[in-house]
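An overview of the molecular structure
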Amino acid sequence: MFDQIVDWVSAALWNLNPAEAVSLGKHDYDGRVPDLSVPAVESQLDRLEMLRDRLWGLEGLSVDQELDRLHLGTALDSALFEWRRMGWWRRNPMWYIDPLDTTVYVTRSHAPAGVRAEIVADLLEEAPALLDRARANLDRVVPTTYCEWAVRQARGMADSLRHQLPGSFGSEASPRLGDAAGSAAAALEAYAAWIERELLPAADGGFAIGGEAMEDLLRVGELVSLPLDDLLALGEDDLEANGEAFRDAAAALDPKGDPGEVYARHVAAVRPEPDRMVEAAESLLEEIRSFVIDRGLVSVPSEVRALVASTPPHLRWAFALMDTPGPYETEATEAYYYVTPPELDWDEEQTAEWMAALNTFALQDISIHETYPGHYVHFLHVNRAPTEVSRRVASYAFVEGWAHYTEQMMWEAGWGNGDVRFRLAQLGEALVRNCRFVCAIRMHAHGMSVDEATRFFVDRAFYPETPARAEAERGTFDPGYFSYTLGKLQILRLRDDYRERQGAEFSLREFHDRLLSRGAPPVELMRRVLLG
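Residues numbered from 1 in each chain as written. Predicted model: local features only at pLDDT ≥ 70, side-chain atom pairs only at ≥ 80, totals over all residues. Heavy atoms only, no water.

Now for the packing of helix α20 (residues 420–445) against helix α23 (residues 483–502). Across the interface, α20 lies against α23 with an axial gap of 7 Å and an inter-helix angle of 105°. For the element pair α20 / α23, the angle class is roughly perpendicular. Residue-level contacts link Arg 433, Asn 434, Arg 436 and Phe 437 of α20 to Tyr 484, Thr 485 and Leu 486 of α23. Here the contact of α20 with α23 is built from residues that sort into three nonpolar, two polar and two charged. (Axes fitted to C-alpha atoms, helices over the stretch in contact; angles between N-to-C directions. Helix = DSSP H or I, 4+ residues; strand = E, 2+ residues; numbered from the N terminus. Parallel < 35°, antiparallel > 145°, perpendicular 65-115°, else oblique. Contact = heavy atoms within 4.5 Å. Nonpolar A, V, L, I, M, F, W, Y, C, P; charged D, E, K, R; others polar.)

As structure tokens, then:
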């Protein structure tokens with residue numbers, strides 16, 4: 001019965017988000033958009049509540065099943081929290097754009113190009129009806145930032161569908177794909193115009209979900225029951241510690257210089273050539289991988305290398321990202337580490353700004369986070385996890401916390417041979433994540449405004465105004481972006497406790513391998529596994 005309930009819960013979750021199933025390699029869900037009519041959504045949520053009662057009513061479970069029940073319960077409760085408690089599908093117009101993302105079909109060759117092109121056409125033909133459903137479901141007063149980002153996202157996706165998607169499948173794409181892409185692009189543009197006309201004039205700044213909801217978000221998704229203000233104090237302490245370390249590292253390079261200016265002069269100015277980004281990352285990756293293996297930091301359970309490539313045009317909103325096949329993927333088994341070069345039509349100033357952010361030392365830190373021993377190594381372990389639940393369900397704080405933790409861990413293990421410039425790059429990334437943590441809690445529980453959060457990123461993370469505002473605005477619709485720092489702090493605390501328990505027998509590799517042994521559950525669940 002336990003296995004049946006796992007499959008039933010998974011099906012209900014995937015019906016609400018078919019793209020998640022496809023990313024895991026469940027291609028029965030290819031080309032589907034969710035039915036977001038009110039009766040269909042309520043039916044799935046009612047089913048999840050019924051399954052929740054049945055899940056917790058089971059008796060006589062094995063140790064593995066007890067752990068899986070707790071793990072699956074977090075996914076189930078998080079879905080109910082998002083859909084029923086927070087009601088994002090009624091408050092956030094972006095929720096109706098994401099299901100139309102074609103990325104997984106473009107980048108993963110799980111079927112011949114012509115077949116994938118037809119799947120994409122199936123998906124995009126649903127765009128007009130899906131966006132009509134959005135108009136019917138959405139509240140008429142929603143937060144301003146939600147509207148502004150939805151407009152940007154809709155128009156960006158429309159542009160990509162018109163100008164980039166049709167050529168993604170080469171000569172194997174039929175004219176049907178072009179027609180579907182054009183129709184979807186027109187629907188997205190009309191949706192953006194509707195948001196500007198109908199929602200933006202009445203939009204307000206009421207994005208905060210409140211302290212009680214933030215505590216519930218932490219409890220149901222990450223099994224964290226610490227009072228919110230105590231958690232905020234931990235984040236503020238880590239921010240102070242990293243800020244002091246950043247200033248000390250900058251002073252080691254220039255005792256009299258402003259820390260931000262020292263970073264710009266000694267770190268950001270050291271850059272690979274723009275047209276050599278892929279080659280620079282490729283050579284770096286093998287060096288990082290060898291360091292991880294030679295130092296015995298964590299098992300790398302595959303000889304298959306992550307392939308480095310230039311980021312596809314439709315994904316170039318990020319400096320770099322990792323595209324790893326899911327545990328059920330049998331055909332498209334390549335894993336891609338994408339690095340985004342500056343665009344060819346950018347002027348000299350734009351190119352310089354982009355390359356300053358992707359400087360030599362930041363590229364090292366980003367590559368550690370994305371590949372070895374970060375996301376790529378982690379998902380090699382996830383795909384070999386022992387149970388269906390541990391392969392299907394992931395904690396936001398574990399996934400991002402592990403990758404963020406590895407940046408600091410690699411410095412502690414000796415990466416960079418003590419080069420303070422890498423330390424500055426690593427600390428700079430940590431400060432951004434610290435600010436996310438603090439601002440998420442302050443914005444949603446203590447009344448911090450977007451303007452105040454923007455200034456916080458400028459002052460405490462040494463960030464320019466434009467990316468600082470983008471970070472602050474993201475916090476309005478992604479209150480869980482505290483997860484990077486939360487997960488890192490949880491792992492560091494668990495490592496200290498495990499080291500104390502193991503004494504002279506402590507092994508960093510054994511700790512990491514055990515930590516990753518059940519995929520990506522909440523870190524607090526792994527605390528129970530490792531410490532009892």
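Here the narrative resumes, following the displayed structure.
Turning next to the pairing of strand β3 (residues 336–339). Residues Tyr 336 and Tyr 338 of β3 are buried on one face, and the alternating residues Tyr 337 and Val 339, pointing to the opposite face, are buried as well. With four bridges joining them, strand β1 (residues 307–310) and β3 adopt parallel strand pairing. Note that in β3 the partner of Ser 310 across the bridge is Val 339. (Buried < 20%, exposed > 50% of the residue type's maximum accessible area, 1.4 Å probe, protein only. Pairing = 2+ DSSP bridges.)

Let us now look at the packing of aromatic side chains. One pass over the full model with this rule turns up 20 aromatic pairs. Judged by centre distance (6.2 Å) and plane angle (75°), the rings of Tyr 396 and Tyr 484 are edge-to-face. With a gap of 88 residues between them, Tyr 396 in helix α19 (residues 396–412) and Tyr 484 in helix α23 connect regions that are remote in the sequence. A relative accessible area of 31% places Tyr 396 in the partly exposed class. Judged by its relative accessible area of 10%, Tyr 484 falls in the buried class. Ring centres 5.6 Å apart and planes at 40° place the aromatic pair Trp 402 and Tyr 405 in the tilted group. Of the two residues, Trp 402 and Tyr 405 both sit in helix α19, three residues apart, roughly one turn of that helix. Taken individually, Trp 402 and Tyr 405 each receive the classification buried, so the pair is uniform in this respect. Feature note: the residues Trp 88, Tyr 146, Trp 149 and Phe 477 constitute an aromatic cluster, connected by ring pairs. (Phe/Tyr/Trp six-rings, centres within 6.5 Å; stacked < 30°, edge-to-face > 60°.)

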